[in-house]
Amino acid sequence: MRRLVRAWLRRTPLLPRRVRVALAVACAAGAVAVVAFAPQRSQAQSQRPPSVPPTQTRVDPALAPEGRALFVDGCSSCHGLDARGIKGTAPSLVGVGPGPVDFYLRTGRMPLADPRDQPQRGRPIYQASEISAIASYVASLGGSQQLPRANPAAGSLSQGFSLFTEHCAGCHQVVAQGGLTIEAQVPSLQKSKPTDIAEAVRMGPYLMPKFPPSQINQHQLDSIARYVVYTRDPDDRGGWSIGHIGPIPEGMVAWLLAGAALVLVIRLIGERNEI
């Protein structure tokens, strides 16, 4: 720090010493901050596919009777005893497959205390084995028998960024931090597992549109999942990440700091002129 200040003083002999010292300290502090907050990972490390454990949910026809009992006890008040839904309360689950069941139950979005509430992520009330049983029962009512899956390691980070920007950033922000729309609160994706992303893309929960394989194929889905996982710990090559709150607020913070530094310099120059 001391060497940087002395070098600055030698290079700016025409400015008042007080101003030169203030500018030198500010520049040196900024340089130290950049070094301190700069990421220590190599480019190869930042491009390495993330390792995310798969979910435990499985579909097994043998579990359907148990799932039926659990469904009648905890879900039928909204979806009906025959799972065909109740008009104005909840939709039919016939033919939807196990994906929506796994998504809503495993992420704690269901059951709802009030069917008019927006499903929000929370702690699941069912155990993994119980979720598998209910999913197996709903799967027995028709629809795809496969749970949507995404493998981030098989995707492309650059392609995932492009696809997420095109299809998802309008609501979730480009940094996957969530936001607000006219009729709903858009959730952050920072806690979403690759399976959550795959199920949401394929089924379109709540107000979100669904994207069939004809619009987003499996490789593209893997790429989106890889990018979403990457946003949790990105390669901050610019230094200080400011908590990854998003490019706009981060830019506002940078302008605020720059404005404060300019005000300080102007005041120092003004005090020097008064003397």
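Look up: the structure comes first, before these words.
Values in this document were obtained by computation on a predicted structure and should not be read as measured data. Within every chain, residues take consecutive numbers counted from 1 along the sequence as written. The predicted nature of this model means local features are confined to residues of pLDDT at least 70 and side-chain atom pairs, given and counted, to a pLDDT of 80 or more, with totals for whole chains, interfaces and linings taken over all residues. Excluded from the side-chain calculation are hydrogens and water; included are all heavy atoms of the structure.

Q: Explain the overall build of the chain to me, please; I cannot follow it from the model alone.
A: For helices the rule is a DSSP run of H or I covering at least 4 residues; for strands it is a run of E covering at least 2, with both sets numbered from the N terminus onward. Summing up its helical and strand segments, the chain has 12 helices and 2 strands in all. In the chain, the succession of helices and strands from N to C terminus is α-α-α-α-α-α-α-α-α-β-β-α-α-α. In the chain, buried positions account for 36% of the 275 residues. All accessible areas in this document rest on Shrake-Rupley with a 1.4 Å probe, and a residue is counted as covered only by the protein chains that are shown. Counting every atom, the chain has about 16500 Å² of accessible surface; 59% of that belongs to carbon and sulfur. Think of it in three bands: residues with accessible area under 20% of the maximum for their type are buried, residues over 50% are exposed, and the middle band is partly exposed, with areas taken using a 1.4 Å probe on protein chains only.

Q: Help me understand helix α4 (residues 64-74), please; the structure alone is not making it clear to me.
A: Working note: α-helix, 3.6 residues per turn, so residues spaced by three or four point in the same direction. What α4 keeps buried is the set A64, G67, L70 and F71. The buried residues of α4 occupy one face: seen down the axis, they fall within an arc of 120°. Among the exposed residues of α4, those pointing more than 90 degrees away from its buried face are P65 and D73. Residues of α4 that are buried sit in contact with α5 (76-79) and α7 (128-139). Note: the arc covers the axis-to-C-beta directions of the helix. Note on contacts: a residue pair is in contact if any heavy atoms of the two residues lie within 4.5 Å.

Q: Explain the nonpolar core to me, please; I cannot follow it from the model alone.
A: Burial of nonpolar side chains together is a common tendency in soluble globular proteins. Put simply, a nonpolar core is a bunch of buried Ala, Val, Leu, Ile, Met, Phe, Trp, Tyr and Cys residues held in one set by side-chain atoms that sit within 4.5 Å of each other. Judged by nonpolar contacts, the single largest core of 18 residues is most densely connected at F164, I197, V201, I216, L221, I224 and V228. Of all the elements in the fold, those that place two or more residues in this core are α8 (157-167), α10 (194-203) and α11 (218-230). With 5 residues, the single largest contributor to this core is α11. Residues contacting I197, with those up to four places away along its chain left out, are S192, L221, I224, A225 and V228. Counting 15 residues, the second largest nonpolar core, distinct from the first, contains L105, A133, Y137 and V138.

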